[in-house]
Amino acid sequence: MRGVTIEQIDVEQETHWTVESGSWNRIVQHAIDIYPKEACGILLSHSENPKHVKEVYPTKNVSSEDQTTRYLVDPLEFLEADKRAEEQGLDICGFYHSHPDHPSTPSEYDRKMAWEGYLSLILSIKIGKFHDARAWIYDSHEARFNEALMKPHALSFSSHPI
């Protein structure tokens, strides 16, 4: 698997993460469509611009637990996304998932499932509508998430592509 972690990005840069508008709208629409279950998917970027999410790969939530509070990316879809990313010259830079009727802050379960250095984008979907989103990077040395800077326009949603 290829991937770009936050350690490979100049940490002195205070650059914001960005998401292509079409990709962003696909993420939000996926979360709305799956509500009240948690949606999940994979974020892809170019290694030359690892903090810019170029493509997304929505996946099935295959958690055997309550899917309104748990998610698990389908392993076969993960492998397919990794293959597709490599074919397109992209890298996996993170994952997204939704929190139905809960805040866009990481849960204890999210902490246990986190991949260090990868972006974790969490969307809050309330009563079937997009509420907000926040981005996080897990730091295992501190055993906590640190909020990632996102461009404000990347956290809004339009039902029509921008």
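Rules of the game
Residues numbered from 1 in each chain as written. Predicted model: local features only at pLDDT ≥ 70, side-chain atom pairs only at ≥ 80, totals over all residues. Heavy atoms only, no water. Salt bridge = Lys/Arg side-chain N within 4 Å of Asp/Glu carboxyl O. Buried < 20%, exposed > 50% of the residue type's maximum accessible area, 1.4 Å probe, protein only. Helix = DSSP H or I, 4+ residues; strand = E, 2+ residues; numbered from the N terminus. Pairing = 2+ DSSP bridges. Right-handed = clockwise from strand over helix to strand, strands pointing away. Phe/Tyr/Trp six-rings, centres within 6.5 Å; stacked < 30°, edge-to-face > 60°.

A. View of the pattern of salt bridges. For the coordinates displayed, the defined rule picks out five salt bridges. With a closest N to O distance of 3.5 Å, Arg70 and Glu65 form a salt bridge. Assessed through its relative accessible area of 25%, Arg70 is described here as partly exposed. Here Glu65 falls in the partly exposed class, since its relative accessible area comes to 44%. Between Arg111 and Glu108 there is a salt bridge, with the nearest N and O atoms lying 2.4 Å from each other. A residue pair is termed a helical-turn pair when its members lie 3 or 4 positions apart in one helix, as Arg111 and Glu108 do in helix H3 (residues 108-113) at three residues.

B. A look at the pairing of strand S5 (residues 119-126). Here S5 lies mainly inside the structure; seven of its eight residues are buried. Pairing geometry for strand S4 (residues 91-100) and S5, over seven bridges, is parallel. Counted as the bridge partner of His99 is Ser124 from S5. Since S4 and S5 lie parallel, the crossover through H3 that links them has a hand, and here it is right-handed. Relative to strand S6 (residues 129-139), S5 is paired through eight bridges, and the arrangement is antiparallel. Bridge pairing in S6 links Leu119 to Ile137. What sits between the antiparallel neighbours S5 and S6 is a turn of two residues, in which Ile127 has the positive phi angle 50°.

C. Up close: the packing of aromatic side chains. Inspection of every chain in the model, using the stated rule, returns seven aromatic pairs. Measuring from centroid to centroid gives 6.3 Å for Phe95 and Tyr118, while their planes differ by 45°, and the two rings are tilted. In this pair, Phe95 sits in strand S4 while Tyr118 sits in the loop between H3 and S5, placing the two residues 23 residues apart along the sequence. With a relative accessible area of 12%, Phe95 lands in the buried category. What makes Tyr118 buried here is its relative accessible area of 10%. Of the aromatic side chains, those joined through ring pairs into one cluster are Phe78, Phe95, Trp115 and Tyr118.

Fair warning: the whole summary comes from geometry, so function is off the table for now.
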